[in-house]
Each structure stands twice: as C-alpha cells, then as structure tokens.
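These are the residues of each chain, in order.
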Amino acid sequence: MTSNSTSFRPTQKLLWAALCAVALAGCGSNVKLDDKNVPVESRTVSGADSNTSGAAQSQVTPVDLTKNGGAGVFAGTGKVVYFDFDSYTVRDDARPVIDANAKVLAANKTAKLAVEGHTDERGGREYNLSLGQKRAEAVVRALTLAGATDGQLEPTSFGKERPAVSGSDEAAYAKNRRVELVTR
Amino acid sequence: MSGVGASQVPIAVVGFRNEQAVPQPLSQIVRADLERSGLFRGVDAPGVLDETAQPAMADWRRRAADALVGGSVTRLADGRYDVRFKLWDVVKGTELGAQSTVVVAADLRLAAHRIADFIHEKLTGQKGVFSTRIAYVTRMGKRYTLNIADADGEGGQIALNSAEPIISPAWSPDGRELAYVSFETQKAVVYVQEVASGKRRAVANFRGSNSAPAWSPDGQTLAVTLSRDGGSQIYLMGRNGDNVRRLTQSIGIDTEPVFSPDGRSIYFVSDRSGGPQVYRIPAAGGAAERITFAGSYNISPTISPDGRTLAYVSRESNAFRLYVQDLTGGTPMSVSDTSDDESPSFAPNSRSIIYASRAQGRDVLLTTSLDGKIKSRLVSSMADVREPVWGPYGR
C-alpha cells in the first residue's frame, strides 16, 4: 500500500458508497427534473480562442534549470577571461567569451551574471582586491558595449584569495589572472 | 628569538609557590615575555620563591642577576585564583614593587602578562605590551578563521569560523570590536563584530567590493574602500555604516586607509601616479600629498600610535619587504631580512611591529623592534597565518 496513492482503500470505498447512498436516499428533492430536451451546449475546449493554434489550455512547458549543469540560458558560453600582469585591459582573445555572453544577456533581460575578478598571488591583498575589481569592471564595460544591460551584471573581486590553480610559477600566475562569469 | 639589545637587564624569575598546581605556568610566561622583548636576559633561577620571602641577595648577586622576581598563586574557595608577586633590586637589595590580583582561571595568562608589564615598565621606564592581544587570520585548506590571541601568540581563540576568505581585520580603539572583510556571500563585505559576545553587523555591503576598514581614534568613524561608484575609492561612514561620504577622488585605485593617531589625517595607498604609493589626505577632505618616493610599489601603510613612524611594505623586484620611515623626515629603512612580508601593525607602545611573512614554506607571524635588531617568531601552528593586527591597551 503506497502512501502516495490517491485511491481509497476497498473498505473506505464501501463506506463512501454507503454514505452516498444514504445521502441520496435521504434527498427528498423538491426540484422537478425538466423532461424537455435540454440542448447540449457545444463548448470548444481548445484551439479557437487560444493564441497558439492547436495548443492545449492545460499546457505547461517545463523550464529545466538543472540542464547543462545549471547554466540554463548560458549553456555553451565560455566563462573565463584572462589578463596580463598588472593589467586590467580586456585582450582581443576574450572577444568570443564577451560576445557570446552579451548575446545571451541581450536576449534574456532577466538573466544575471556575477562578474568576479581575480589576480595572481603576488602583491598585497587589498591592492589586489582592487586590481581584481578593475578587471571585473572592464569586463562589465565590454559586455554592456556588446549588448548587455548594466543592471544584469555585478562586478566583484576576490583579489588573490581564490586562485584557480596553485603554484608560484608564471604558468600558474597566468591562469589566476582572470575574470569569471558566474550565473546568479 | 634573535637579536641582542644594547644592554640587557639580567633578571632571575623564580618559580612561583604553588604554580605547579594551576593550569598556567605563571613564572615561565613572565620570563618568556621579558626575554622576548630583547631587553632582559633570564638568569638561571631554580626552585621556588614566594613574595613573602627574604631572599639572600648575596646569592643572587653571585648568579649575576640585577633583578629578582618571586610570587605565589592560591586557589580561592570560589574557584578564582589569588596571584601575587614581588620584584627586588638585587644590586641595591631593595623591593621595587609588589602586587596581588584575583582572576578567574581563563585570565591566569593575563595575570602573568600583567606582571611582566609591571616589571618591564619598572626596570626600563617603557610601558610593556605583554597583556595586549593580537588578531590574525588562519587558513587551513578551505577553512578560514579569525583568531584572537595574547601578544605572545598563545591562548588563541576563534572569533570567526568560515568556509570563505576573511581579510583585513581591524581592532576598534577600545579593543571591544573587530572590523573585517568576509567573502561569505561571494563578495567582499565589511562586518563589525563584538569580540566578547560574537554579535556582528554588516556595515558596508554596496554594489561590488567593500573592504579595507579602518577606525578613527575616537571609534566613531570607519574609513573603507568601496567600488560602488566605480573603481576603488575611499569613503568615510559612521561605525554602524550610516552617513556614507566619499573622501578620495581619483581615476586610480585608492585603498588601505589608516587614520593618523590625532584623527586629522588619513594615510592611504593610491596608484594615481602609476604604481601604488602612500599618500596622506585631511580627514575633512582636501588635496592628497604623496609620502613615499623610494621604490615603485609601496603598500599597507600603518602609523605608530605616537604618530612618529610610518611602516609599510615595499616591492623590490620579486621581494616584498617591511620598511619604516620617520615621519618627521628621514630615509626609509628596511627592518626585515625576509622577502614575503605583509600586513605590518604597531604595538600600542610604538616600539614593536608585528607582521606576516613566509618561512620554510609556511605563513608565519613575526615581531621586530623598530631598528630591526630584536626579532621574534610567534608560535606557528599547522595552519597558514596572516593579516596580524595588534590590539590596544586595556582589556
């Protein structure tokens, strides 16, 4: 017996039937059944009045946020932009990432992205927090120039606090100087 | 500990009567404090000596001690401890002072530190800082804590435990609150937390990053770095985050504000001339004046409480080194021999600086005298330790 079942158990069915019978029997109806022919009204259930021709009025279209690892409308767009040392200039090689995300943002006005700036591990924490913020703001500027709206984006920074890779060589530094676009 | 002071006072700190029976080794804490200051040299002092004794000065002179300390600790009926000590001048054969204090078990270390402060001031004329506290951040894997410990690095307690980074702690001038930056909401937000109760409030959570909190000397105003109007600029606000007004106006990065001890100026870092340098601006607003000129990258300024000295970190090729500079004029002086220094902070008596650095692949906390000659390494743990800040007098 599943607890999810919405059907009554056999004994309950009997009970319910019995109750109904009693109720009906006790019903001394004073309303006469009209014995004239009552025209059967024809009601169009679907099609004629609805906007989408042929669509059921009960239709529900699901939106699956878990598809594509939660990326939703941003599925398939690159998410990282890299920077040169001590620089917050968006390089040409970031163009595909900028354009792809700007396109999605322009087409989906309620979509939002957090734009998170990072630095490599060299230098002071607060100064690097500010440098990461400048990188994030440069990416926000590039995105709005390419069609996104400012209100869809929040530039933030982790400075050097959240490296993508560990290591104290140039290869690691290059992978940590970045901005990440994160769906919110 | 390394470095030798010009003339260290040889002092014998004898075991206190009954200290074996209490949770803290009082005389050892006193001796370690005095030796760590670099101004005292501990003389071999076996046995036990209590404050009511009549010590044989000839014996102590033979041991080449100039000063002698003894004491006792007694557990009272209510569970508290009566801590007593006496300080003798061995050369003159006189008593220099004696005190007794009653404390709960959790304050036994504090009682020992206060004894060391008394001795330090009596024998050197300088106020000691042994009973002050430090705050610092630890990182172990993906876990971060904000800790508060005694100035000797011992007795650490966790004030904040987080799965996200914590940076830039700052003591309120009365030592009752800590401001800090937490990334717990996936961005930099400034919080103020009451140390004793753990009660906290977010005081700066505007669009973008909110960071680098600094207290005015009267504890009523905070300077912070905000990116809400674009870039990183310095703003002032009330201690609860109210009455926000902008202080700096530049196209560069302005950050790391610190108030001067008289509250009238704010020192800060700006890269308006290319690389980051230390500047000073009136707290009431106005033109900024550049303070550092040597080197191309100078950050993390901090001012001694007596207003005389600026300490900061300077980058030279790949090394980050602690420098001090006399604010009345004088060339900057390097005071460390390590190359990964960060986050300097002055002791309240202006005589020492605590800072973070790296040694043997670990982040560690170090202290140095202003001339760089007396150094000590605070007890390091398994975790990386960083961002130390020295708390004020009085607890």
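Read on for an overview of the structure. (Residues numbered from 1 in each chain as written. Chains lettered and ligands numbered in written order. Predicted model: local features only at pLDDT ≥ 70, side-chain atom pairs only at ≥ 80, totals over all residues.)

1. Some details on the overall build of chain B
Secondary structure assignment for chain B yields three helices and 29 strands. For chain B, whose C-alpha radius of gyration is 23 Å, the value lies close to the compact-globule estimate of 21 Å for 395 residues. For chain B, buried positions account for 50% of its 395 residues. A separation threshold of at least 6 residues defines the contact pool for chain B, and within that pool the share at least 24 residues apart is 42%. (Helix = DSSP H or I, 4+ residues; strand = E, 2+ residues; numbered from the N terminus. Rg over C-alpha atoms; globule rule 2.2 N^0.38 Å. Buried ≥ 20, exposed ≤ 12 C-beta atoms within 10 Å, placed from the backbone. Contact = placed C-beta atoms within 7 Å.)

2. A closer look at the sheet that holds strand E6 (residues 133-140) of chain B
Think of a sheet as strands paired side by side through backbone hydrogen bonds, with each pair either parallel or antiparallel. Residue and element names in this part refer to chain B. Strands sit in the order E8-E7-E6-E29 across an open sheet of four strands; the sheet is antiparallel. Single-partner strands in this sheet number two, and they are strand E8 (157-162) and strand E29 (384-390). The mean inter-strand angle of the sheet, taken between neighbouring strand axes irrespective of direction, is 20°. Note: strand E7 (residues 143-150) against E8, five bridges, orientation antiparallel. Among the inter-strand pairings, Leu-146 is bridged to a residue of E8, identified as Leu-160. (Pairing = 2+ DSSP bridges. Axes fitted to C-alpha atoms, helices over the stretch in contact; angles between N-to-C directions.)

3. Let's talk about the sheet that holds strand E9 (residues 166-171) of chain B
Residues and elements named next belong to chain B. Taking strand neighbours across the sheet as the criterion, the four strands line up as E9-E10-E11-E12 in an open arrangement whose pairing is antiparallel. This sheet does not close on itself; its edge strands, each paired only once, are E9 and strand E12 (200-204). Strand-to-strand twist in this sheet, taken as the mean axis angle between neighbours without regard to direction, amounts to 25°. Strand direction decides the pairing type here: E9 and strand E10 (residues 177-182), joined by four bridges, are antiparallel. Along E10, the bridge assignment pairs Ile-167 with Val-181.

4. Looking at the nonpolar core
Core analysis: the largest hydrophobic core is formed by 137 residues, its most contacted members being Val-139 and Leu-143 of chain A together with Ile-11, Ala-12, Val-30, Val-69 and Ala-179 of chain B. Considering every element that reaches this core, the biggest residue donor is helix H3 (residues 125-145) of chain A, with nine residues. Three or more residues apiece are contributed to this core by two domains, here domain 1 (9-124) and domain 2 (133-390) of chain B. Among residues more than four places away in sequence, those in contact with Val-139 of chain A are Val-81, Val-90, Val-115 and Val-179 of chain A. (Core = buried A, V, L, I, M, F, W, Y, C linked by C-beta atoms within 7 Å. Domains from an automatic or database assignment.)

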